[in-house]
Amino acid sequence: MYKRLRAEMMSVLVSIYNRDKASGRKQLFFTGHSLGGAMCTMASYDCALNYRRIGLRSRQQIQVTTFGLPKIGNLAWKNSFEKEVPRHWRFVLASDVVTKMPQDWSYFHVGVKVLLDWSGVLLVSSAVKESIPLHAGEANLLLTASPFRSIRAS
């Protein structure tokens, strides 16, 4: 499915980011839900591999946020993705069966898992040491707890 969209997407991105030199400094955000999350994850990886062709200055300009993302690659692909696309937040509802698919052990998740549990608490992996702005004007929250840091909505 992604292969059918790839040429047009790349063409649009090249025209946007090569329009002028200032465009090369802009971030490139990908977001999607479920199958759309899988598509944007593959697209972000493709763009990271081709960032110069698109007109970006660095892979660091690519950011991904997915919701309900299924597992989409093997271990080699996971490792390559996480090297090329270091900024990926993967939001998961505890009750969402799609995020557990496929159940084949040869498929793996990518990105930093942010779990929304049954009580509405966000749980973020302790491996994350990054500031996240909660709302405009609020202080940032530093996520460093172990094994998960909970964030309660106010």
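Structure first, text after, so check above.
Residues numbered from 1 in each chain as written. Predicted model: local features only at pLDDT ≥ 70, side-chain atom pairs only at ≥ 80, totals over all residues. Heavy atoms only, no water.

Before we go on, may I ask you to explain the overall build of the protein chain in this structure?
Along the backbone of the protein chain there are four helices and eight strands. Counting from the amino terminus, helix and strand elements in the protein chain follow one another as α-β-α-α-β-α-β-β-β-β-β-β. Entry remark: accessible area of the protein chain is about 9400 Å², with carbon and sulfur atoms responsible for 58%. (Helix = DSSP H or I, 4+ residues; strand = E, 2+ residues; numbered from the N terminus. Areas by Shrake-Rupley, 256 points an atom, 1.4 Å probe, with all protein chains shown as cover.)

Just checking my understanding: could you explain the nonpolar core for this structure?
Proteins that are soluble and globular tend to have nonpolar side chains buried together. Core analysis: the largest hydrophobic core is formed by 22 residues, its most contacted members being L28, F30, C47, I54, L56 and I62. If you list the elements that add at least two residues to this core, you get helix 1 (2–17), strand 1 (28–33), helix 2 (35–49), helix 3 (51–54) and strand 2 (62–67). No other element matches helix 2, which puts seven residues into this core. (Core = buried A, V, L, I, M, F, W, Y, C linked by side-chain atoms within 4.5 Å. Buried < 20%, exposed > 50% of the residue type's maximum accessible area, 1.4 Å probe, protein only.)

It is not clear to me how the packing of helix 2 against helix 4 (residues 75–84) should be interpreted in this structure. Could you clarify?
Running from N to C, helix 2 and helix 4 point in directions that differ by 60°, and their axes come no closer than 9 Å. Compared by their axis directions, helix 2 and helix 4 come out oblique. Crossing of helix 2 over helix 4 shows left-handed handedness. Every residue of helix 4 that contacts helix 2 at T41, S44, Y45, A48 and L49 is listed here: W77, S80, F81 and E84. Classifying every residue of the contact of helix 2 with helix 4 by side-chain character gives five nonpolar, three polar and one charged. (Axes fitted to C-alpha atoms, helices over the stretch in contact; angles between N-to-C directions. Parallel < 35°, antiparallel > 145°, perpendicular 65-115°, else oblique. Left-handed = near helix turned anticlockwise from the far one by under 90°. Contact = heavy atoms within 4.5 Å. Nonpolar A, V, L, I, M, F, W, Y, C, P; charged D, E, K, R; others polar.)

What am I meant to see in the pattern of salt bridges here?
Pairing of side chains with opposite charge becomes possible as their charged atoms draw close. Under the criterion given, the structure shown has three salt bridges. Between D46 and R6 there is a salt bridge, with the nearest N and O atoms lying 2.4 Å from each other. On the criterion of sequence distance, the pair formed by D46 in helix 2 and R6 in helix 1 is long-range, its members being 40 residues apart. The partner of K78 in a salt bridge is E82, and the shortest N-O contact between them spans 3.0 Å. Of this pair, K78 and E82 both sit in helix 4, four residues apart, which is roughly one turn of the helix. (Salt bridge = Lys/Arg side-chain N within 4 Å of Asp/Glu carboxyl O.)

Can you walk me through the environment of D117 in this structure?
Mapping D117 onto the fold places it in the loop between strand 4 (112–116) and strand 5 (122–125). Taking the C-alpha atoms as reference, D117 lies 8.0 Å from S95; in sequence the two are 22 residues apart. With residues up to four places along the chain from it excluded, the contact list for D117 reads A94 and L123.

Got a minute to help me understand the environment of Q63 in this structure?
Within the element layout of this structure, Q63 appears in strand 2. On the basis of relative accessible area, Q63 is assigned to the partly exposed category, the value being 22%. Along the primary structure Q63 and W89 are separated by 26 residues, whereas in three dimensions their C-alpha atoms are 8.4 Å apart. For Q63, the side chain forms a polar contact with the side chain of Q27, separated by 2.9 Å. (Polar contact = N/O pair within 3.5 Å; in protein donor to acceptor, adjacent residues only side chain to side chain.)

Would you take a moment to explain the packing of aromatic side chains for this structure?
Any two aromatic rings considered together are summarised by their centre-to-centre distance and by the angle between their planes. Within this structure, the stated rule accounts for four aromatic pairs. A centroid spacing of 6.1 Å and a plane angle of 35° characterise the contact between Y45 and F81, whose relative ring orientation is tilted. Residue Y45 is located in helix 2, and its partner F81 is located in helix 4; the two are separated by 36 residues in the primary sequence. A single burial state applies to Y45 and to F81, both of which are buried. Ring plane angle 25° and centroid distance 5.2 Å describe the contact between F67 and F91, whose orientation is recorded as stacked. Here F67 is found in strand 2, whereas its partner F91 is found in strand 3 (residues 88–93), with 24 residues between them in sequence. Classification of F67 by relative accessible area gives partly exposed; the value is 36%. Residue F91 is classed as partly exposed on the basis of its relative accessible area, which comes to 25%. (Phe/Tyr/Trp six-rings, centres within 6.5 Å; stacked < 30°, edge-to-face > 60°.)

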